[in-house]
Amino acid sequence: REGGLLVISVPNARSVFRRALRIANDITDTWPRYMRYSRNQYFRGDFETLLSNYGFVPLNFIVLGGPFPAMLQRKEFLGNLIMFMAEKRSGSQIT
């Protein structure tokens, strides 16, 4: 509904650590198992465009996750996830 907030996290396609995990999974097929089910990953700008296409205005984002200290997790090339906050635009409908 208009003015509603959406908070969503998505896998970060730019994450070096995430890329390494995917390669490890492809080679060993043993670790980490969740990579078998993780099909989608996004670059920040691409997901912001997707949000806009569905009638949301991206308000903020934060990069997080991984085995790094919190300060390093915030770097877009290291954090495994990107969390977005977006607001539903008035007059827009999801198609």
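Thresholds applied
- Residues numbered from 1 in each chain as written.
- Predicted model: local features only at pLDDT ≥ 70, side-chain atom pairs only at ≥ 80, totals over all residues.
- Heavy atoms only, no water.
- Helix = DSSP H or I, 4+ residues; strand = E, 2+ residues; numbered from the N terminus.
- Polar contact = N/O pair within 3.5 Å; in protein donor to acceptor, adjacent residues only side chain to side chain.
- Phe/Tyr/Trp six-rings, centres within 6.5 Å; stacked < 30°, edge-to-face > 60°.
- Buried < 20%, exposed > 50% of the residue type's maximum accessible area, 1.4 Å probe, protein only.
- Expected span 1.5 Å × (residues − 1).
- Arc of directions from axis to C-beta.
- Contact = heavy atoms within 4.5 Å.

A. Structural context of the side chain of Arg-18. As for its position among the elements, Arg-18 is in helix α1 (residues 16-28). At a separation of 3.1 Å, a polar atom in the side chain of Arg-18 contacts the side chain of Gln-41.

B. Seen up close, the packing of aromatic side chains. On inspection of all chains with the given rule, the structure shows 3 aromatic pairs. When the centroid spacing of 6.5 Å and the interplanar angle of 40° are considered together, the rings of Phe-61 and Phe-84 count as tilted. Separated by 23 residues along the polypeptide, Phe-61 in strand β2 (residues 56-64) and Phe-84 in strand β3 (residues 81-88) bring together distant segments of the chain. With relative accessibility at 1%, the residue Phe-84 sits in the buried group. An aromatic cluster of three or more residues is present, and its members are Tyr-42, Phe-47, Phe-61 and Phe-84.

C. Here's a closer look at the environment of Phe-47. Position of Phe-47 relative to the elements: it lies in helix α2 (residues 44-53). Here Phe-47 falls in the buried class, since its relative accessible area comes to 5%.

D. Molecular detail of α1. Taking 1.5 Å of rise per residue, the 13 residues of α1 would be expected to cover 18 Å, and the 18 Å separating its terminal C-alpha atoms lies within 8% of that figure. Along α1, the positions that sit buried rather than exposed are Arg-18, Leu-21 and Asn-25. Projected down its long axis, α1 shows its buried positions confined to an angular sector of 55°, all on one face. Exposed residues lying more than 90 degrees from the buried face of α1 are Ile-23, Asp-26 and Ile-27. Taken together, the buried residues of α1 touch β1 (5-11). Sitting at the head of α1, Ser-15 places a side-chain oxygen 3.4 Å from the backbone nitrogen of Phe-17. Of the residues flanking the end of α1, it is Asp-29, one or two places downstream, whose phi is positive at about 55°.

Nothing here speaks to function; it is geometry throughout.
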